[in-house]
Amino acid sequence: MTQIGEVALWIALLLSLWGAGLGFAGGRKGRGDWVLSAERSLYAVFGLLVVSCAAIISSFLREEYQYRYVAGYSNRDLSLFYKITGLWAGQTGSLVFWATLLALFSAVAVLQNRRRNREFMPYVVGTLSTVIAFFLVVIITASNPFQLMEFVPADGRGLNPQLQNYWMTIHPPTLYLGFTAFTIPFAFAVSALLSGRLDTRWITTTRRWTLTAWFFLTNGIIFGMMWAYVELGWGGYWFWDPVENASLLPWLTGTAYLHSVMIQEKRGMLKMWNVLLILGTFLLSIFATFLTRSGLIESVHSFAQNLTISYIFLGFLTALVIVSAVLVWWRRASFAPESRLESAVSREAAFLLNNLVFVAAMLSVLWGTIFPLVSEASTGQTITLGPPFFNRVNLPLGLLLLALLGVGPVIAWRKATARNIRRNFALPVSIGVVTGVVLWIAGARNTYALLTFALGAFVMATIVIEFWKGTRARARIEGEGVAPAFIHLVGRNRRRYGGYLVHAGLVVTFMGFAGSAWDVEKQVAMSPGESLEMKSPFGHTYTLTYQAMSSYPATNMTKVVATVNVAKNGERVGVLAPEKRSYKQREEVVSEVGIRRAWNEDLYLILAGVDDINAVVQGRNPRPIATFRVLINPLVPWIWTGGLIMAIGTLIALWPGAEPRNPTVVKQRVRVAKPSEAAEPELVEA
């Protein structure tokens, strides 16, 4: 099976090169038969990569330690669950997995467009095949999953203990789905540049692909934060780690793109900007992959250092930047705007400012991430910029973005009048101000947290009012009840109201971040029977009583578990059991935290140390002194809730509607709303 998998990689490389050549040549010469052959080659490449993935998983399940990759990431005691996910546990397998997901999306895109958008497809297929061929070259020449060991070990080295967590099966695939899905709109943008068809067609064609990529990337980032929170054992969820930052970079530009395309669709502006944003988003996805796999910057997430892969990725990235710049310069005359910005007080201006803030945030994160490389190259010393730098720059930008969430969707196009501003913003601004004042009176003094809640209340008010105005208007016009009118309103305007829900989720997430202003932390050493008290910012008091310490062997590890009773205001509410796990193969000890979750806060318990842990394991020390680190993390559950709301909103926006009668023409109509229903003519999809 493994030999078949290796052969499949070679054939896939040849076919992807074939597809790339025929795609570009077919588009240039107008040869439909060549293009058709290139499209079919993508289906074949996907099938061959599935075979390679199956071969890698098979080698894990069959414990074939003659292969370096299997020996490096598995051992005999590893559970079946982690042997299957070993496909993406290391650099080599994850590259094959990445290429397979890209081939899957490429095949779906070709299938979707087999009878439409034919003018784009030759160059789309050529671009997708080129990217797949690049990854296959990297895999075959520098990171082959079927490379043999010099000798066959009796057992493997085992999986990294921090990867032996259920989030291992969820976070990496979701993130990879987001990165790879951005390749489809990138390929259509390249095709639009090559063919000169730079109207809104390529944007409307790839709208769902962009939303799909954003959906997966957003969830991948949230899942990564959850993983860090429960597994890394330091009480936080984001540390501005280089690899964390790398996943954020394309998210920032991708989010900016989702907003700026609305200006092009509505007013015919920002054509070059939109092309640059989607090209940049794809390039940053490749940069994130390079950063994770080069090992040039230290990170708990990165794979081992591999300079060969670094040089190949740098070469490909440089070629992509040059080709993209040349194409944009070549077509610069085609980007002439169809209209101009008429007022700084308009929706176009708000969206433009929103885009500038997103790009500024991206540049600050990029600079902070690569600064260790820059400092080493210029001074010979590696200087790392930590969380204070990122927070100092990005907190003000985040607050500005939060304010724009409330302004952008409701301010008028072209030029907002004083009447429009009063009607749309008087009540939300009042609610925001009252929220800030109430929190100040209640004792909140952290400036950033106060502004976050005040602005969050303002944005939430605008969203609720928009839903209410739409529902009320529909109920009156159609004679429906409130509930049916609400459902039909959202169903017929999924993009608009799904977007509002995404904004609501982002507000809840921001409020969750702001909760860190009231974090409480204490570290104490205790003997069995002793207690400590922690006062929550919400007023109640936790009492934690250290009951006992136990030790027992488990699959692939030995566990040392502390039992801690938890009481809230004197009433027993549960037990926490933080652990120390000693893994056999890796000879590493890692902490597993205990978390008591509530709707508004987490009680987070870390077993920081155990007095003479070896004696505990051997049964010679039944009552050891243990050191506990206790944290109360206010509003952390709101971060996960906000992520869930964003996911639901994106799915609503993605949900397919009825196909237009003529699929080659995107029809739009303008419905003039009644004065009491809306402030201006509103664009709806036909």
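Here, the structure is the one placed above.
Residues numbered from 1 in each chain as written. Predicted model: local features only at pLDDT ≥ 70, side-chain atom pairs only at ≥ 80, totals over all residues. Heavy atoms only, no water.

A. Main features of the overall build of the protein chain. Helix and strand content of the protein chain: 21 helices and twelve strands. The C-alpha radius of gyration computed for the protein chain amounts to 27 Å, which stays within 12% of the reference 26 Å derived for 686 residues, consistent with globular compactness. A buried classification covers 56% of the 686 residues belonging to the protein chain. Across the protein chain, 59 positive and 40 negative side-chain charges occur, with their mean positions spaced 12 Å apart. (Helix = DSSP H or I, 4+ residues; strand = E, 2+ residues; numbered from the N terminus. Rg over C-alpha atoms; globule rule 2.2 N^0.38 Å. Buried < 20%, exposed > 50% of the residue type's maximum accessible area, 1.4 Å probe, protein only. Lys, Arg positive; Asp, Glu negative; His and termini not counted. Charge placed at Lys NZ, Arg CZ, Asp CG, Glu CD.)

B. Structural context of the packing of aromatic side chains. Inspection of every chain in the model, using the stated rule, returns 43 aromatic pairs. Aromatic side chains F97 and Y176 sit 5.9 Å apart centroid to centroid with 55° between the ring planes, which places their arrangement in the tilted category. Highlighted residues: F97 in helix α5 (residues 91-112) and Y176 in helix α7 (residues 171-181), separated in sequence by 79 residues. For the ring pair F389 and F390, a centre distance of 5.2 Å and an interplane angle of 75° mean the geometry is edge-to-face. (Phe/Tyr/Trp six-rings, centres within 6.5 Å; stacked < 30°, edge-to-face > 60°.)

C. Quick peek at the sheet that holds strand β1 (residues 520-526). Pairing in this open sheet of four strands is antiparallel, and the strands run β1-β10-β9-β8 from one edge to the other. Each edge of the sheet is formed by a strand with only one pairing partner; in this case those strands are β1 and β8 (594-597). Averaged over all pairs of adjacent strands, the angle between strand axes in this sheet comes to 15°, irrespective of strand direction. Here nine bridges tie strand β9 (residues 601-610) to strand β10 (residues 626-634), and the two strands are oriented antiparallel to one another. The residue of β10 that forms the bridge with L605 is V630. Along the sheet face, helix α10 (residues 207-231) touches β8, β9 and β10 and points at about 120° away from the line of β8. (Pairing = 2+ DSSP bridges. Axes fitted to C-alpha atoms, helices over the stretch in contact; angles between N-to-C directions. Contact = heavy atoms within 4.5 Å.)

D. Focus on the nonpolar core. Ranked by size, the top nonpolar core spans 166 residues in total, and within it F135, W202, F313 and W640 carry the most contacts. Considering every element that reaches this core, the biggest residue donor is α10, with 14 residues. Excluding its chain neighbours within four sequence positions, the residues that come into contact with W640 are I222, M225, M226, Y229, Y237 and R597. Residues M549, A562, L603 and L607 belong to the second largest nonpolar core, which totals 21 residues. (Core = buried A, V, L, I, M, F, W, Y, C linked by side-chain atoms within 4.5 Å.)

E. Broad picture of the pairing of strand β7 (residues 588-592). Pairing between strand β6 (residues 579-583) and β7: five bridges, direction antiparallel. Of the residues in β7, the one forming a bridge with S582 is V589. Linking β6 back to β7 in an antiparallel pair, the connection comprises four residues, with E587 at a positive phi of about 55°.

F. Quick peek at the pattern of salt bridges. Counted by the stated rule, this structure contains 20 salt bridges. With a shortest N-O distance of 3.6 Å, K469 and E466 are connected by a salt bridge. One end of the pair is K469 and the other is E466, both in helix α17 (residues 447-478) and three residues apart, which spans about a single turn. Grouping residues by exposure puts K469 and E466 together as buried. (Salt bridge = Lys/Arg side-chain N within 4 Å of Asp/Glu carboxyl O.)

G. Main features of helix α6 (residues 121-142). With 22 residues, α6 should reach 32 Å at 1.5 Å per residue; the first-to-last C-alpha distance of 31 Å fits that figure. Most of α6 sits inside the fold, with 18 of its 22 residues counted as buried. (Expected span 1.5 Å × (residues − 1).)

H. Spotlight on the environment of F179. Tracing the backbone through its elements, the reader meets F179 in helix α7. According to the relative accessible area criterion, F179 is buried, its value standing at 5%.

I. Broad picture of the packing of helix α15 (residues 387-407) against helix α19 (residues 494-514). At their nearest, the axes of α15 and α19 sit 11 Å apart, and the two run at 145° to each other. Crossing angle aside, the handedness with which α15 passes α19 is left-handed. Every residue of α19 that contacts α15 at G398, L402 and L405 is listed here: H503, L506, V507 and F510. Counted by class, the contact of α15 with α19 contains five nonpolar, two polar and no charged residues. (Left-handed = near helix turned anticlockwise from the far one by under 90°. Nonpolar A, V, L, I, M, F, W, Y, C, P; charged D, E, K, R; others polar.)

J. Seen up close, the packing of α10 against helix α21 (residues 636-654). Two elements in contact, α10 and α21, have axes separated by 10 Å at closest approach and are oriented at 165°. When the interaxial angle is binned, α10 and α21 end up roughly antiparallel. Where α10 crosses over α21, the handedness of that crossing is left-handed. For the pair formed by α10 and α21, the contact residues are R208, L211, T212, W214, F215, T218, N219, I222, M225, M226 and Y229 on the first element and V636, I639, W640, G643, M646, A647, T650, L651, A653 and L654 on the second. Counted by class, the contact of α10 with α21 contains 15 nonpolar, five polar and one charged residues. (Parallel < 35°, antiparallel > 145°, perpendicular 65-115°, else oblique.)

K. Structural detail: the side chain of T369. Along the chain, the position of T369 falls in helix α14 (residues 347-379). Judged by relative accessible area, which is 2%, T369 ranks as buried. Within the structure, T369 has its side chain in polar contact with the side chain of N245 (distance 3.1 Å). (Polar contact = N/O pair within 3.5 Å; in protein donor to acceptor, adjacent residues only side chain to side chain.)

L. Spatial organisation of the pairing of strand β2 (residues 531-535). Burial along β2 is one-sided: the face carrying L532 and M534 is buried and the face carrying S531, E533 and K535 is not. Alignment of β2 against strand β3 (residues 541-554), held across five bridges, turns out to be antiparallel. Bridge pairing links E533 to T543 in β3. Hairpin connection from β2 to β3: five residues lie between these consecutive antiparallel strands, with G539 at a positive phi of about 105°.

M. Up close: the environment of V617. Relative to the elements of secondary structure, V617 occurs in helix α20 (residues 613-617). Along the backbone, V617 and S550 are 67 residues apart, and their C-alpha atoms lie at a distance of 8.2 Å. Filtering out sequence-adjacent residues up to four positions away, V617 remains in contact with S551, T558 and V560.

N. Quick peek at a nonpolar patch on the surface. Taken together, the side chains of V429, V433, V437, W440 and I441 make up a nonpolar region of the molecular surface, amounting to roughly 490 Å² of accessible area. Within the fold, V433 resides in helix α16 (residues 418-441). Under the relative-accessibility criterion, V433 is labelled exposed at 52%. (Patch = residues over 30% accessible without salt bridge, like charges linked within 9 Å, V, L, I, M, F, W, Y side chains within 5 Å. Areas by Shrake-Rupley, 256 points an atom, 1.4 Å probe, with all protein chains shown as cover.)

O. Structural context of the side chain of S191. Following the sequence through the fold, S191 ends up in helix α8 (residues 183-195). Residue S191 is classed as buried on the basis of its relative accessible area, which comes to 0%. Not counting chain neighbours up to four residues away, the residues in contact with S191 comprise E119, F120, Y123 and V124.

P. Geometry of the environment of W227. With respect to the helices and strands, the residue W227 is situated in helix α10. Residue W227 is classed as buried on the basis of its relative accessible area, which comes to 11%. Separated by 162 residues in the primary sequence, W227 and Y65 place their C-alpha atoms 29 Å from one another.

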